[in-house]
Structures are given as structure tokens and as C-alpha cells.
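Coordinate inspection notes
Below, each chain spelled out in residue letters.
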Amino acid sequence: MTTVDKSAPRVRKMFGEIAGRYDFLNHLLSLNVDRYWRWRTVRSVPPKSGMKILDVCTGTGDLALAYHRAAGGQAEIVGADFCHEMLVLGRQKSVKSGANGAVNFVEADAMKIPLEDDQFDIVSVAFGLRNVAETDVGLAEMVRVCAPGGQVAVLEFSSPEWQPFKAVYGWYFRNVLPRIGQLLARNAQSAYNYLPESVGQFPQGEQLAKRMRTAGLSEVWYRGLTLGVATLYVGKKGEPHVGKKANRDRKGPERIKKK
Ligand SMILES: C[S@@+](CC[C@H](N)C(=O)[O-])C[C@H]1O[C@@H](n2cnc3c(N)ncnc32)[C@H](O)[C@@H]1O
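Reference entry: report on the structure contained in this document. (Residues numbered from 1 in each chain as written. Predicted model: local features only at pLDDT ≥ 70, side-chain atom pairs only at ≥ 80, totals over all residues. Heavy atoms only, no water.)

1. A few points about unusual backbone geometry
Cis geometry marks the peptide bond from Gln163 to Pro164; its omega dihedral reads 5°. Structurally, Pro164 can be placed in the loop between strand 5 (146–157) and helix 6 (165–184). One non-glycine residue, Cys57, adopts positive backbone phi at about 50°. Along the chain, Cys57 falls in the loop between strand 1 (52–56) and helix 3 (62–70). Despite not being glycine, Glu219 has its phi angle at roughly 50°, a positive value. (Helix = DSSP H or I, 4+ residues; strand = E, 2+ residues; numbered from the N terminus.)

2. What about the sheet that holds strand 4 (residues 120–126)?
Two strands in a sheet stick together by hydrogen bonds in their backbones, pointing the same way (parallel) or opposite ways (antiparallel). Spatially, the seven strands line up as an open sheet ordered 3-2-1-4-5-7-6, and their pairing is mixed. The outermost strands of the open sheet, each flanked by one partner alone, are strand 3 (103–107) and strand 6 (217–225). Direction aside, the axes of adjacent strands within the sheet are offset by 15° on average. Where strand 6 meets strand 7 (residues 230–237), seven bridges bridge the pair, whose relative direction is antiparallel. Of the residues in strand 7, the one forming a bridge with Leu225 is Ala230. The strands touched by helix 2 (residues 33–44) within the sheet are strand 5, strand 6 and strand 7, with strand 5 carrying the most contacts at an inclination of about 160°. Sheet strands touched by helix 3: strand 1, strand 2 (76–81), strand 3 and strand 4. Its angle to strand 4, the strand with the most contacts, is close to 140°. (Pairing = 2+ DSSP bridges. Axes fitted to C-alpha atoms, helices over the stretch in contact; angles between N-to-C directions. Contact = heavy atoms within 4.5 Å.)

3. Some words on the pattern of salt bridges
Taken as a whole and judged by the stated rule, the model has 12 salt bridges. With its nearest N and O atoms 2.7 Å apart, the salt bridge here joins Arg144 to Asp117. With Arg144 in helix 5 (residues 135–145) and Asp117 in the loop between strand 3 and strand 4, this residue pair connects regions lying 27 residues apart in the sequence. According to the relative accessible area criterion, Arg144 is partly exposed, its value standing at 23%. Notably, a salt bridge pairs Asp118 with Lys237, separated by 2.6 Å at the nearest N-O pair. Taken as a pair, Asp118 in the loop between strand 3 and strand 4 and Lys237 in strand 7 lie far apart in primary sequence, 119 residues in all. For Asp118, a relative accessible area of 41% gives the class partly exposed. The class of Lys237 is buried, set by a relative accessible area of 12%. What you see here is one network of salt bridges that share partners, running through Asp23, Asp34, Arg38, Asp62 and Lys93. (Salt bridge = Lys/Arg side-chain N within 4 Å of Asp/Glu carboxyl O. Buried < 20%, exposed > 50% of the residue type's maximum accessible area, 1.4 Å probe, protein only.)

Next up, the structure:
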């Protein structure tokens, strides 16, 4: 099996080519279930008034805007993506929905987020982490900008396990979806062949949960959605360990005296 090319120029170009048809195809190919998955994400990791929320790989901003609505416009939301064409559409949607100003769109690579440590109460990503060239670097960056006590939510496609649905869905996902996608959103990067290939090679279930723990999250849980077609993963960034910090802050000589 050849490894999927997830180099930044290729991925950025691919999403740039399909940006104009991205939302339409998302809703069509998932029969609108993608809206439900984002709604479940927002409901499972709910916003509160005054929170700061970062949605990475935000694309045209659907999850960022869902957070804006759920917070009744009372949260400070940033949507980050490295594809300019997707962000242009996100900004347009934000203006149209009246969220303009409350949702800030930033052009940024998820592997090098140009934002300070420890500041967001929720850091989310929907159908984006799979495209990031180095999953662990992307996760580490999400954890870095998350505030202690905050939550990281990853919504991603997965492969259903339950037969006979697994076989039927697998056939649709590998044969029908790429053909419709390529036909309706012609692009040189084979974006809709890339989709099943990248899902097939991405860690899922316990494998991804383990990577999230390694990135520094605790209390990690995950739940399959729609018979496992997508999975929501959630983890918490721990509070700094008071004892450890106090020890670190203590001066050398005092520590020696206490022996
Ligand atoms: C499948 S779309 C998902 C968009 C949106 N989150 C949604 O729920 O529809 C993946 C997005 O991830 C972005 N992306 C992929 N790799 C990225 C990276 N390293 N840094 C920033 N954005 C990235 C792409 O530009 C694209 O907009």
C-alpha cells in the first residue's frame, strides 16, 4: 500500500481546488449527516459564555460557526486553516450568518499554530487532523494552545466495524463517493480518491486515543457516530501540578536544607 501524500503544498492545493464545491458535496455525500456530527461535537464539548474556542483546520468554518451559535454569540472564536480559498468562504459565511467579528479567521498551519500557549478553553478539529502531515505534531500544537483544564475535541471519519453495514458502506466509500466527488468537483489532486485512502491510513479508536494521551491529554474518551462512520474523541488538558510547580519554583539552597 502506498502512503498517501499529505505534504502541505499538495493538501493546500487540493482543498483550494475543491473549496467552491466543498460544502455542497459534504452535505450531499453524507446526506447532511455531517451537520449532525458537528452538532454532536458541540453538544458533547459545549461552549460557555466568555469562553475562547479555537477550531483548527476549520475549512469553511462550519464547526467554528456551530460553536458561535451554541454559545449564543457570547464566545470568542478563532477558525484557523492554511488554505486561503477555504477561509475566504468561511469569512463570507460568517458575515452572512451575522457572526462577523465574533469568529476570527486566521491563515495558519496546524503544525505551527501562531498563537500563544494555554489560552483556549476548547480546541476542536473536524475532519482535519487526518490531513495534517504529522498527526502527533498537530495534536501537540492543539494541546499546547489549550488552557489547563480545557478540552480538545477531534471529530474524524472512521471505518465501521459492524457487518453487513461495514461491507455496504465500504463499497460506497471506496467506489461511489470518489466518482461522484470527482465528477462534481473536478480537481487535479484527486481529492475524492484521497478521502477513502487517507481515512484507511489514519489511526482510529484506541490507536488515536493513545496518541492523544501521549500528546498530554487525560480522561480521553471516544464514541462512534452513525454506526462508526465518524468518531468523536475528547481529552482534557490537565491543570499544572501544584506540588511540582512549587518544587520547581523553590530555590536550590532551601531544597537542600529541607533534606
Ligand atoms: C476536510 S476539510 C475539513 C473542514 C472543516 N473542519 C469541516 O468540518 O468541514 C480539511 C481542512 O483541513 C485543512 N488543513 C489540512 N491540513 C492542514 C494544516 N496542516 N494546517 C491547517 N489546515 C490544514 C484543509 O485546508 C481543509 O480546509
